[in-house]
Amino acid sequence: MRTLYPAAAALMLLIAGCSGTTTPSPTASAVPSASSEPSPTPTSSAAPSPEPTAPGSGQGAGAPDDSGRFSYVCSNLNEAVPDVTYTSLTEVWASTEYVRLASCTASYEGPGPFEPTEDEAKIISIAEPGISPSDGLETYLTALALCTRVSDEAASGLFGRNSRQMLLAASELCPRAPQGKIIGLWASGERAADGEYAVEDGGLVPGKFHLRKTPPDGCTWSVAGSDGSQKAAGGAAEGQSGIVLEEKDVLTSDKCGIWEKME
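Peer 1: Explain the pattern of salt bridges to me, please; I cannot follow it from the model alone.
Peer 2: A side chain of one charge can pair with a side chain of the opposite charge when the charged atoms of the two come close. Counting across every chain of the model gives six salt bridges. Residues E172 and K122 are paired through a salt bridge, measuring 3.1 Å at the closest nitrogen-oxygen approach. Taken together, the residues span a long stretch of sequence, with E172 in helix α6 (residues 164-173) and K122 in helix α3 (residues 118-127) at a distance of 50 residues. On the accessibility criterion, K122 (40% relative accessible area) is partly exposed. The salt bridge involving E260 is made with R212; its shortest N-O contact spans 3.8 Å. Of the two residues, E260 sits in strand β11 (residues 259-261) while R212 sits in the loop between β6 (207-211) and β7 (220-224), which places them 48 residues apart along the sequence. Judged by its relative accessible area of 17%, E260 is buried. Residues joined in a network through salt bridges with shared partners are R191, R212 and E260.

Peer 1: It is not clear to me how α3 should be interpreted in this structure. Could you clarify?
Peer 2: Because an α-helix packs 3.6 residues into every turn, residues spaced three or four apart end up facing the same way. Burial in α3 covers these residues: E120, A121, I123, I124 and A127. All buried residues of α3 fall inside an arc of 160 degrees around its axis, so they share one side. The inward-facing, buried residues of α3 contact β1 (70-76), α4 (137-146) and α6.

Peer 1: Explain the side chain of R191 here, please?
Peer 2: As for its placement among the helices and strands, R191 is situated in strand β4 (residues 191-192). A polar contact of 2.7 Å, which involves the side chain of R191, links it to the side chain of E260. In this view, R191 contacts I182, L185, W186, L204, F209, R212, I258, W259 and E260; residues no more than four positions away in its chain are not counted.

Peer 1: Can you help me understand the state of the cysteines in this one?
Peer 2: Chemically, a disulfide is nothing more than a covalent bond linking the sulfur atoms of two cysteines. Tallied over the entire structure, the rule returns three disulfides. Across the disulfide from C147 sits C174; the S-S distance is 2.0 Å. Here the disulfide of C147 and C174 is left-handed, its torsion about the S-S bond being about -90 degrees. Note that C147 is positioned in the loop between α4 and α5 (152-160) and C174 in the loop between α6 and α7 (180-187), a separation of 27 residues in sequence. The same class applies to C147 and to C174, which are both buried.

Peer 1: Hey, could you run me through the nonpolar core in this one?
Peer 2: Soluble globular proteins: nonpolar side chains tend toward being buried together. With 51 residues, the main nonpolar core has Y72, L144 and W259 as its most contacted residues. In this structure, W259 is in contact with E190, R191, A192, A193, F209, H210, L211, W221, G239, I243, L251 and S253, ignoring residues within four places of it in sequence.

Peer 1: I would appreciate a short explanation of the sheet that holds strand β8 (residues 230-234) in the present structure.
Peer 2: Within a sheet, each strand pairs with its neighbour through backbone hydrogen bonds, oriented either parallel or antiparallel. Taken together, four strands build an open sheet; the order of strands is β5-β10-β7-β8 and the sheet is antiparallel. Taken across any chain shown, the strands that pair with only one partner, and hence form the sheet edges, are β5 (195-198) and β8. On average, each strand axis in the sheet is tilted by 15 degrees relative to the strand beside it, whichever way the strands run. As judged from the five bridges shared by β7 and strand β10 (residues 250-254), these two strands associate in the antiparallel manner. Bridge pairing in β10 links T220 to D254.

Peer 1: Just checking my understanding: could you explain α7 for this structure?
Peer 2: Listed as buried for α7 are G180, I183, W186 and A187. Buried residues of α7, viewed axially, fall in a sector of 115 degrees; they line one side. Just downstream of α7, G189 is the residue with a positive phi angle, here 85 degrees.

Conventions used here
Residues numbered from 1 in each chain as written. Predicted model: local features only at pLDDT ≥ 70, side-chain atom pairs only at ≥ 80, totals over all residues. Heavy atoms only, no water. Salt bridge = Lys/Arg side-chain N within 4 Å of Asp/Glu carboxyl O. Helix = DSSP H or I, 4+ residues; strand = E, 2+ residues; numbered from the N terminus. Buried < 20%, exposed > 50% of the residue type's maximum accessible area, 1.4 Å probe, protein only. Arc of directions from axis to C-beta. Contact = heavy atoms within 4.5 Å. Polar contact = N/O pair within 3.5 Å; in protein donor to acceptor, adjacent residues only side chain to side chain. Disulfide = S-S within 2.5 Å. Core = buried A, V, L, I, M, F, W, Y, C linked by side-chain atoms within 4.5 Å. Pairing = 2+ DSSP bridges. Axes fitted to C-alpha atoms, helices over the stretch in contact; angles between N-to-C directions.

So this is what it looks like as structure tokens:
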């Protein structure tokens, strides 16, 4: 019996050694980690690149004009500051002097002759219905200029002297401009400058209006009814308190600044 013990012991050692090599490593895991997931297999069905668009297109959706086809010369409210030339609306909007710009003039840089893109033709047709888009360069340049700045000191003249159709075109052209919402107020008839304005379709909307800022001395205004008779009149104090405009009324304002709808 004693001669069997060494063999049995050797067999037991052999079995133990074999079973030890199959013991799972303590670092192994049955659940794959995020880093162990296989990478996606590349395929040939990658998303196609956007199709090229005509230069200057996309503006009707509010995209800045980065086409290089237009330039902008802007003057400052401080006359001591020289005029600055910009190559896109983006540059104008990013200017550190943006809120101090008095006015900007847009120019076409070519290639010539002017051939409007689909978006540009749409803006021209809104601003001046009936005109051929290819003849609408000056119309389009005016809409671009309206998209450049809105300093209150000059907004009355900038927006007040343009037609409702032109303001609607500018609002369509640059709704995402820093002043996009303000242009929209002028276009919708919720703002007005000094002058004479009727409360009607294409003019001011009915409602209560007031002066946005305290005007200088000499502000006078009046409201006439549809029959021409005077319904109300006053100066700065009454204008800031608010006046009510009804359908067919006519507002006449002088040296009062900007009127804005309150409600």
